[in-house]
Amino acid sequence: MSKNSQLRDVFDAIADPTRRRLIRLLAETEEMPLHQLTAQFSMGRTAVSKHLNVLKEAGLVLERKVGRETRFRLNAAPLKEIQDWVAFYGKFWSANMLRLNQLLEEEET
């Protein structure tokens with residue numbers, strides 16, 4: 001799913017701890033049926049399905065039907081947006097800490 005066709009922001013999708021846990025579970029396996037995902041939580045199937053729908057809208061989860069069962073798998077590509085964002089601010093903070101260190105060294109001399 002391309003960035004333009006995503007229905008939901010990736011940052012919004014991963015803001016919830018339950019959805020981050022779903023992503024982690026799906027990252028650890030090729031795919032997982034809904035009933036196995038639901039068994040990992042203390043909430044019902046409907047609640048887990050709602051979280052999965054948010055992840056699908058952000059392009060993070062793909063589903064396929066196998067008979068009467070729905071199986072889910074992670075599509076990690078949209079997480080690149082978050083990686084890029086974190087990398088930018090990692091550089092920002094590194095540069096600022098370097099400048100601060102230089103200022104402190106100048107004051108000592």
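As a reminder, the structure under discussion sits directly above these lines.
Since we're looking at a predicted model, the values are computed, not measured.

Enquirer: So what exactly am I meant to see when it comes to the pattern of salt bridges here?
Expert: Where charged atoms from two side chains of opposite charge approach closely, those side chains can pair. Counted under the stated rule, the structure contains seven salt bridges. One salt bridge connects aspartate 12 with arginine 8, and the closest N-O pair in it is separated by 2.8 Å. In this structure aspartate 12 comes out as partly exposed when scored by relative accessible area, which is 34%. The class of arginine 8 is partly exposed, set by a relative accessible area of 27%. In this structure, glutamate 63 engages lysine 56 in a salt bridge whose closest nitrogen and oxygen atoms are separated by 3.1 Å. Residue classification places lysine 56 among the partly exposed residues on the basis of a relative accessible area of 22%. Each of the salt bridges in this network shares a partner with another, and the network as a whole consists of Glu31, Arg64, Glu69 and Arg71.

Enquirer: Would you mind showing me how to read the pairing of strand β3 (residues 69-74) here?
Expert: A regular strand carries its side chains on alternate faces of the sheet. Of the two faces of β3, only the one carrying Thr70, Phe72 and Leu74 is buried; Glu69, Arg71 and Arg73 on the other face are not. Of the strand pairs in this sheet, strand β1 (residues 32-33) and β3 are connected by two bridges, and their pairing is antiparallel. Each residue of the ladder has a partner; that of proline 33, found in β3, is arginine 71. Sheet analysis places strand β2 (residues 61-66) next to β3, joined by six bridges and oriented antiparallel. Directly across from valine 66, in β3, lies its bridge partner glutamate 69. From the end of β2 to the start of β3, which pair antiparallel, there are two residues, and glycine 67 there has a positive phi angle of about 65 degrees.

Reading guide: rules and limits
Residues numbered from 1 in each chain as written. Predicted model: local features only at pLDDT ≥ 70, side-chain atom pairs only at ≥ 80, totals over all residues. Heavy atoms only, no water. Salt bridge = Lys/Arg side-chain N within 4 Å of Asp/Glu carboxyl O. Buried < 20%, exposed > 50% of the residue type's maximum accessible area, 1.4 Å probe, protein only. Helix = DSSP H or I, 4+ residues; strand = E, 2+ residues; numbered from the N terminus. Pairing = 2+ DSSP bridges.

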